[in-house]
Each structure stands twice: as C-alpha cells, then as structure tokens.
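# Coordinate analysis (summary)
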Amino acid sequence: MNASETPTWQRVLIWALWVAAGLVAVVLLFEVVFPWFEVTYYNPTIS
Amino acid sequence: MSTTVTQADRRVGDPTGPSAWSTALRVLGWVLIAAGVVVGLFIVYLLFWTDRQTAAAQEDLVQGWEELVLPEAPPADEPLRLSDLANIPVQDQALPAVDEPDPDPDEPDSGIPVPTDPGDSYALLWFQRGDEFIVTDGPVGAVQGVTLDDLQLGPGHYPDSEAPGQAGNVAFAGHRTTYGKPFHNIDLLEPGDEIHLVDGRGRHWVYDFREIEIVSPSDVWVVDDGALDGVENLLTLTSCHPKYSAQQRIVAFAELREGAGAVASDGSDLSDGASTEASEAADDTTIEAGGVR
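Fair warning: this is a prediction, and the values are worked out from it, not measured in the lab.

### With respect to the overall build of chain B
When its secondary structure is counted, chain B shows 5 helices and 9 strands. Taken from N to C terminus, the helices and strands of chain B fall in the order α-α-α-β-β-β-α-β-β-β-β-β-β-α. Contacts in chain B between residues at least 24 apart in sequence constitute 65% of all its contacts with a sequence separation of at least 6.

Below is the structure:
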C-alpha cells in the first residue's frame, strides 16, 4: 500500500503525532536542556 | 517483479536501492538541519524567552516597592512615572558603614539595612536624566545576591558590598543580555545622570554617575571600597561587555550625592524632617523576605 492509499485519518494522526513530538522536544529544550547550557553564558559579575 | 529506482539511486550508480553512502549522507543532512533548528531555538531562548521569565519576577518586585514607598501608587496596569517616584524623600547624608556580623533589625536609624536572604527583594533602582528614565524604561527591582539564580530575577546586590547609602562601595550586577537585560544600555550613561536607589526601609539615595570603565571579569577591585579615586561613597554597577558577549565587564561608577546638593533633578523634598518621616513610615512595612520567589 503506497502513500496515496493511506486513509486520510491515518495521515492526519501521523502528522499530529509528529507535531506533538516536536512540541514536547521544544518544551524539553527550553525547560531542561537550554537552562543547563546557558549557566556559563553572560555572567555579569566580577569574581 | 518490477523495481522502483529513484533519481537519487541512479546518481550513486545503484539501481537496486539506496547505497550505504547515500543513506549516510541523507542522515547527516537531517542531523545538520536539526542542529541548525536547535541552535536557532537556543538563540530565541536566550534573547526572548529568558526576558519573559524575568518580566514576571520584576512585576512582583516593583509591585512590592509601590506598596512600600508609594501610598498613592498608580493602578497596577499603569507603569510607575518619575512624578510618582519624586514623592519619595531623598536622604542627604551617608549612613555609617556597619561592620556588625549580625545586625539588629530593630535599630532602623543606625544605618543597618533590612536583613535579606539571597533572592529577596533588596532595592528599587532607576536611572534618570532630567525628567525622563534612561537605561531602562522605568524602575527595576533589585534582589540580594549575584548568583545566576538571583540575577534571573533582576539586578543583584553584591552581598559583601555596602548597603545603599552607606559609606564605602555599594555594588550591583545586572544582565546586559538575557533575563530582562536591565543593564543593556548602561553604556548610555553620561556625567550628570542620576542613579536612584530606594532601600528596604524606604530610604531614597541619589548617586551621580561619574564614569564607565571596561575591565576584565576578574578585576574584583571595582567592588572594593575606594575603587574610584577620590570618591568615598561609591555605587558600582557591573555588567557584561560588549553586548551579547561576556568577554569583559563594563563598570559604571557613581558617587553618593550628599548635603544641600542632594536635591534630585525631579525636585524631591530633601528636608531632614521629610527624610526621617519616610524612614519611620517604612520601618514598619519593610518588604518581607522571600516575597518574590
């Protein structure tokens, strides 16, 4: 069965899953990964 | 049996399917695209997302100061104006330095600052040229401490430096990029500009900007007493330099305005009676420790 034979609801579901996975990845990046990376960036103190 | 051969397969000379080489290239391409997206998102995070986090903290901090020092503060949805802040009487004499390791908070007139923990609301700070704000769009709430967690809330007071108005050197650090970037335009300060501080007892101090210096991140002398020759009561502000880099530090020095000349350009009343009344009124309403976190 090629792509043109895939039911519409399945294609919509697959796209929705991709979008959800992307959103989860962005949230993880912003809340976990980036805060960990930026700890050494732009420290304005004298020490 | 028929076999579908793509153009990509023909290019690599394999009519039966994608070669390992073409597969590796395809994977590498997707990895590079993903890496580019992640780097782009990181820039968005640094330059915009962190500002959003700090804005929420600043809203709470400034609101706390409004309740402490401005009995007739404007509605919450209206920004503070200089005319509002001009009602806070200015102190005209430096407080003596306090060397006690455990100051008594019940002695408000001795110059002892309100005890604070890291991250607690510490001072209200604004920059003024004539009748308008400079550097920032309005007053900013500073917190105690200069750890990265503290500075995510706003400018931070170096805990080992003096308190606002005290003899010696009172020092603050603030971000020039990310987290609300309160000192983003600190390089715009010019001689004659005023830097205002209101402490936890509602005492209002005016410092006259003196000069900017660019130093190394390890030049700790800038936060020591006497960092600027000939200036006894000093305010030191540190931030990153140049903008969008932490390679160096930009340092702004200012001198406490004392005596009859301590009248702010906003025309704040400087009479001793007014200053004392303000301090006494604030003694009972100091900002509660930990109220902003």
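Now that the structure has been shown, the text picks up again.
### A look at the interface of chain A and chain B
The interface of chain A with chain B comprises 16 residues on the first partner and 32 residues on the second. Roughly 2000 Å² of surface becomes buried between chain A and chain B when both sides are summed, with 72% attributable to carbon and sulfur atoms. Sorting the residues of chain A by area buried against chain B places Y42, P44 and I46 of chain A first, and these three jointly supply 41% of that buried surface. The interface formed by chain A and chain B includes 0 salt bridges. Each residue belonging to the side of chain A that touches chain B can be placed in one class, and the counts come to 11 nonpolar, 3 polar and 2 charged.

### Describing the pattern of salt bridges
If the charged atoms of two oppositely charged side chains come close together, the side chains can form a pair. All told, the structure shown has 9 salt bridges over all chains when counted by the stated rule. Salt bridges sharing partners connect three or more residues here, namely R129, E190 and D193 of chain B.

### Focus on the packing of aromatic side chains
Inspection of every chain in the model, using the stated rule, returns 8 aromatic pairs over all chains. Geometrically, the ring pair formed by F34 of chain A and F42 of chain B is tilted, given 4.8 Å between the ring centres and 50° between the ring planes. Residue F34 of chain A is located in helix 1 (residues 8–37), and its partner F42 of chain B is located in helix 2 (residues 20–69); the two belong to separate chains. Summarising the burial analysis for this pair, F34 of chain A and F42 of chain B share the class buried. Ring centres of F127 of chain B and F183 of chain B lie 6.0 Å apart, and the angle between their planes is 85°; this geometry places the pair in the edge-to-face category. Taken as a pair, F127 of chain B in strand 1 (residues 121–129) and F183 of chain B in the loop between strand 5 (168–173) and strand 6 (194–198) lie far apart in primary sequence, 56 residues in all. Taken as a pair, F127 of chain B and F183 of chain B share a single burial class, namely buried. An aromatic cluster is built from F30 and F34 of chain A together with F42, Y45 and W49 of chain B, whose rings are joined through pairwise contacts.

### Here's the deal with the confidence of the model for chain B
Residues and elements named next belong to chain B. This prediction gives chain B a mean pLDDT of 81; 76% of its residues lie at or above 70. Every residue in residues 264–293 scores below 50 in pLDDT, and together they form 65 contacts with partners more than four places removed in sequence or on other chains. Two numbers describe this predicted complex: its pTM, 0.77, and its ipTM, 0.72.

### Focus on the environment of V135 of chain B
Residue and element names in this part refer to chain B. Checked against the element boundaries, V135 lands in the loop between strand 2 (132–134) and strand 3 (140–144). Since its relative accessible area comes to 12%, V135 is described here as buried. Residues V135 and E213, spaced 78 residues apart in sequence, show a C-alpha to C-alpha distance of 17 Å.

### Quick notes on the environment of A86 of chain B
With respect to the secondary-structure elements, A86 of chain B resides in the loop between helix 3 (82–85) and strand 1. Remark: the alpha-carbon pair of A86 of chain B and T23 of chain B, spanning 63 residues in sequence, is separated by 69 Å.

### Re helix 2 of chain B
If you check helix 2 of chain B, its first and last C-alpha atoms are 71 Å apart, about what 50 residues at 1.5 Å a residue would give, namely 74 Å. Residue Y45 of chain B marks the point of greatest curvature in helix 2 of chain B, where the axis turns by about 40°.

### Some points on unusual backbone geometry
Residue and element names in this part refer to chain B. In this structure, the amide linkage connecting H241 to the following residue, P242, adopts the cis form with an omega of -10°. Residue placement: P242 occurs in the loop between strand 8 (233–241) and strand 9 (248–256). At V135, a residue that is not glycine, the phi angle is positive and equals roughly 65°.

### Section: the nonpolar core
Residues and elements named next belong to chain B. Grouped together as the largest cluster of nonpolar side chains are 27 residues, with contacts concentrated most on F127, F172, L189, I195, Y207, L235 and L237. Looking at this core, the elements with two or more residues in it are strand 1, strand 3, strand 5, strand 6, strand 7 (204–215), strand 8 and strand 9. With 15 residues, the next largest nonpolar core counts V146, A173, V223 and F253 among its residues.

### Remarks on helix 1 of chain A
Every α-helix carries 3.6 residues per turn, so stepping three or four residues along brings you back to the same face. Here helix 1 of chain A spans 41 Å end to end across 30 residues, near enough to the 44 Å set by a 1.5 Å rise per residue. Of all the bends in helix 1 of chain A, the greatest measures close to 45° and is centred on L29 of chain A. Listed as buried for helix 1 of chain A are L29, F30 and F34 of chain A. Buried residues along helix 1 of chain A sit against helix 2 of chain B.

### Regarding the environment of K181 of chain B
All names here are of chain B. Examined against the element boundaries, K181 turns out to sit in the loop between strand 5 and strand 6. For the pair K181 and S239, spaced 58 residues apart in sequence, the C-alpha separation works out to 9.5 Å. The residues touching K181, leaving out its near neighbours within four places in the chain, are L47, D51, H175 and R176. Engagement of the side chain of K181 in a polar contact is seen with the side chain of D51, the distance being 2.7 Å.

Thresholds, definitions, all that
- Residues numbered from 1 in each chain as written.
- Chains lettered and ligands numbered in written order.
- Predicted model: local features only at pLDDT ≥ 70, side-chain atom pairs only at ≥ 80, totals over all residues.
- Heavy atoms only, no water.
- Helix = DSSP H or I, 4+ residues; strand = E, 2+ residues; numbered from the N terminus.
- Contact = heavy atoms within 4.5 Å.
- Buried area = accessible area lost by both parts, 1.4 Å probe.
- Salt bridge = Lys/Arg side-chain N within 4 Å of Asp/Glu carboxyl O.
- Nonpolar A, V, L, I, M, F, W, Y, C, P; charged D, E, K, R; others polar.
- Phe/Tyr/Trp six-rings, centres within 6.5 Å; stacked < 30°, edge-to-face > 60°.
- Buried < 20%, exposed > 50% of the residue type's maximum accessible area, 1.4 Å probe, protein only.
- pLDDT = per-residue confidence, 0-100.
- Expected span 1.5 Å × (residues − 1).
- Bend = angle between axes of the 7 residues up to and from the residue.
- Core = buried A, V, L, I, M, F, W, Y, C linked by side-chain atoms within 4.5 Å.
- Polar contact = N/O pair within 3.5 Å; in protein donor to acceptor, adjacent residues only side chain to side chain.

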